[in-house]
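Listed below are the residues making up each chain.
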Amino acid sequence: MADINEIAKVFVDFYYGNFDADRNNLRNVYKDISMLTFEGQQIQGVNGIIEKLTNLGFKRIQHKIQTIDAQPSHPSAGSILVSVTGQLLTDDEQNPQRFSQTFQLVPDGPGNYFIFNDIFRLCYM
């Protein structure tokens, strides 16, 4: 079994790299059974999730990841829980916003995972 911390790091690099470049590229990591909770709004299914992510109120975004934590979430199923914290800058903003995002990754064939659960929150101080 691969190291879950390495899997989490590779996933986070892929996810936020694609989120920052073109959110449509994330379509393949969600499925119709996936659920996103974005600032308290629940959305289920790949089409609804991608619609939400591509219609956020900014054109450009840059994530700066600060922490990545991973744990096995269901040992016999091979699922992984990934918690991410960081900062993000949108468009021409100069002051970064803090965020927290948690993913449950579920195996989808050898060496592949899909996002079953995704919870995103901005962290206000």
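About the criteria used
- Residues numbered from 1 in each chain as written.
- Predicted model: local features only at pLDDT ≥ 70, side-chain atom pairs only at ≥ 80, totals over all residues.
- Heavy atoms only, no water.
- UniProt positions renumbered as here; feature names shortened; annotations may be inferred.
- Helix = DSSP H or I, 4+ residues; strand = E, 2+ residues; numbered from the N terminus.
- Contact = heavy atoms within 4.5 Å.
- Core = buried A, V, L, I, M, F, W, Y, C linked by side-chain atoms within 4.5 Å.
- Buried < 20%, exposed > 50% of the residue type's maximum accessible area, 1.4 Å probe, protein only.
- Salt bridge = Lys/Arg side-chain N within 4 Å of Asp/Glu carboxyl O.

- For the protein, an unreviewed UniProt entry supplies the name Nuclear transport factor 2 and the organism Piromyces finnis.
- Regarding the protein, the relevant UniProt record gives this comment under Function (unreviewed entry): "Has a role in nuclear-cytoplasmic transport of proteins and mRNAs."

Some points on the environment of glutamine 42
Move 1: Positionally, glutamine 42 belongs in strand E2 (residues 41-44).
Move 2: Residues glutamine 42 and glutamate 93 lie 51 residues apart in sequence; the distance between their C-alpha atoms is 27 Å.
Move 3: Beyond its immediate stretch of four places on either side in the chain, glutamine 42 contacts Met35, Leu36 and Thr37.

Quick notes on the nonpolar core
Move 1: Tyr15, Tyr30 and Phe103 are the most contacted members of the largest nonpolar core, which totals 32 residues.
Move 2: When residues of this core are traced back to their parent elements, those giving at least two are helix H1 (4-21), strand E1 (30-38), helix H2 (46-54), strand E3 (61-74), strand E4 (79-90), strand E5 (97-107) and strand E6 (113-123).
Move 3: With residues near it in sequence (within four places) discarded, tyrosine 30 still touches Tyr15, Val46, Ile49, Ile50, Leu53, Ile115 and Asp118.

Section: the pattern of salt bridges
Move 1: For the structure on display, the rule yields three salt bridges.
Move 2: Aspartate 108 is the partner of lysine 31 in a salt bridge, and the nearest nitrogen-oxygen pair spans 3.3 Å. One end of the pair, lysine 31, is in strand E1; the other, aspartate 108, is in the loop between E5 and E6, and 77 residues separate them in sequence.
Move 3: A salt bridge links aspartate 92 to arginine 60; its shortest N-O distance comes to 2.7 Å. Of this pair, aspartate 92 sits in the loop between E4 and E5 while arginine 60 is found in the loop between H2 and E3, placing the two residues 32 residues apart along the sequence.

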